[in-house]
Amino acid sequence: MATTTPLVGIIMGSDSDLGIMQAAADILKQFGVLFELTVVSAHRTPQRMMDYATTAKERGLKIIIAGAGGAAHLPGMIASVTTLPVIGVPIKSSNSIDGWDSVLSILQMPNGVPVATVALNAAKNAGILAAQILAVSDSNIAATVAHYKQELLHEVSGKVAKLKKDWPNGFDE
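Criteria and cut-off values
- Residues numbered from 1 in each chain as written.
- Predicted model: local features only at pLDDT ≥ 70, side-chain atom pairs only at ≥ 80, totals over all residues.
- Heavy atoms only, no water.
- Helix = DSSP H or I, 4+ residues; strand = E, 2+ residues; numbered from the N terminus.
- Buried < 20%, exposed > 50% of the residue type's maximum accessible area, 1.4 Å probe, protein only.
- Patch = residues over 30% accessible without salt bridge, like charges linked within 9 Å, V, L, I, M, F, W, Y side chains within 5 Å.
- Areas by Shrake-Rupley, 256 points an atom, 1.4 Å probe, with all protein chains shown as cover.
- Salt bridge = Lys/Arg side-chain N within 4 Å of Asp/Glu carboxyl O.
- Contact = heavy atoms within 4.5 Å.
- Axes fitted to C-alpha atoms, helices over the stretch in contact; angles between N-to-C directions.
- Left-handed = near helix turned anticlockwise from the far one by under 90°.
- Nonpolar A, V, L, I, M, F, W, Y, C, P; charged D, E, K, R; others polar.
- Pairing = 2+ DSSP bridges.
- Right-handed = clockwise from strand over helix to strand, strands pointing away.
- Core = buried A, V, L, I, M, F, W, Y, C linked by side-chain atoms within 4.5 Å.

It is worth spelling out the overall build of the protein at this point. Looking only at helices and strands, one finds six helices and five strands in the protein. Its helices and strands in sequence order give the protein the pattern β-α-β-α-β-α-β-α-β-α-α, from N to C terminus. With the principal axes as the frame, the protein shows a C-alpha extent of 60 × 45 × 30 Å. Within the protein, buried positions represent 39% of all 173 residues.

Written as C-alpha cells, this is what we have:
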C-alpha cells in the first residue's frame, strides 16, 4: 500500500536557502519519495526547531535533510534531539566565509551526535543519500535509485564516446 505520509523532512534556516535546498526536493520528487519542506531556524525559532525535531518520527518522517549557512547549527541541533538520521547541507550564504564556516560547523560534530554531511551546496546529493537510505527497506525506491545510477552510467559513456573521437587513448579502445 502506498503511503501519503512524507518520509523525508527538508528544512532550512531561512527561505534564502531555498535556491540550494530545492535540489533535494527535485531529486526526491524524481524518485517518487514523499517529503515536506519548511523553514526552521536554530537561532531565530529555537522552540520551532525543537518541536520539529521531537515530533518528526511520530509524524512518520524517516530522515531529515537540514540545510544551513553561516554558523550552521541547524543540522547538529536537530540531530541532538532526534534518533532519525540527519543529513546536513552546508550552504554558502551571504554571511558565510566562502562556505567553510558552514562545512566545518556541520562536519565537526561531537561523538554521539552524528550528522551525515554532503558537500557545500550539494542538496541534490543529500536527496540522493536520503533515497538510498530509504531504499534499504523499500524495493520501489531501490529500483528507482538503481535506474538513476544506470542513467548516470549512460550519460558518462556518451561523453567518453564523444571525447574519444578527438582524444583517443589506450584505455577506451
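Before going further, it helps to spend a moment on a nonpolar patch on the surface. A cluster of nonpolar side chains, Trp100, Leu104 and Leu107, forms an exposed patch at the surface whose accessible area comes to about 340 Å². Relative to the elements of secondary structure, Leu104 occurs in helix H4 (residues 100-107).

Now for the environment of Met109. Locating Met109 in the fold gives a position in the loop between H4 and strand S5 (116-117). Along the backbone, Met109 and Gly76 are 33 residues apart, and their C-alpha atoms lie at a distance of 6.9 Å. The contacts of Met109, once residues within four sequence positions are left out, are Gly76 and Val115.

Moving on, we come to the packing of helix H1 (residues 18-31) against helix H5 (residues 123-135). The N-to-C vectors of H1 and H5 enclose an angle of 35 degrees; their axes lie 7 Å apart at closest approach. Relative to H5, the crossing made by H1 is right-handed. Of H5, the residues touching H1 (which contributes Ile20, Met21, Ala23, Ala24, Ile27, Leu28 and Phe31) are Ala123, Lys124, Gly127, Ile128, Ala130 and Ala131. For the contact of H1 with H5, the residue count by class is eleven nonpolar, one polar and one charged.

What follows concerns the pairing of strand S4 (residues 86-91). Along S4, six of the six residues are buried, which leaves the element largely enclosed by surrounding structure. Residues of S4 alternate between two faces, with Val86, Gly88 and Pro90 on one and Ile87, Val89 and Ile91 on the opposite face, all of them buried. One ladder, built from six bridges, connects strand S3 (residues 63-69) with S4; its direction is parallel. Residue pairing for S4: Gly67 is matched across the bridge by Val89. As for the winding sense of the linkage, the β-α-β connection from S3 through helix H3 (residues 74-80) to S4 is right-handed. Where S4 meets S5, two bridges bridge the pair, whose relative direction is parallel. If you follow Ile87 over to S5, its bridge partner there is Ala116. A crossover links S4 with its parallel partner S5, the connecting element being H4, and its sense is right-handed.

The strand order S2-S1-S3-S4-S5 describes an open sheet built from five strands, whose pairing is parallel. Strand pairing shows two members of the sheet lacking a second neighbour, strand S2 (35-39) and S5, which therefore form its edges. Sheet analysis places strand S1 (residues 8-12) next to S2, joined by five bridges and oriented parallel. What sits directly across from Met12, in S2, is Val39. Strand contacts of H1: S1, S2, S3 and S4, with the helix running at about 170 degrees to S1, the strand carrying the most contacts. Packing of helix H2 (residues 46-55) onto the sheet brings it into contact with S1, S2 and S3, and relative to S2 it is tilted by some 165 degrees.

Counting residues in hydrophobic clusters, the biggest one holds 28 residues, and the most contacted among them are Val8 and Ile65. For this core, the secondary structure elements donating two or more residues are S1, H1, S3, S4, H5 and helix H6 (139-166). Among the elements that line this core, the one with the most residues is H5, at seven residues. The residues touching Ile65, leaving out its near neighbours within four places in the chain, are Val8, Gly9, Ile10, Ile11, Met21, Ala24, Leu28, Ile87, Val89, Ala126, Gly127 and Ala130. Counting residues in each nonpolar core, the second largest holds 20 residues, with Ile11, Tyr52, Ile64 and Ala66 among its members.

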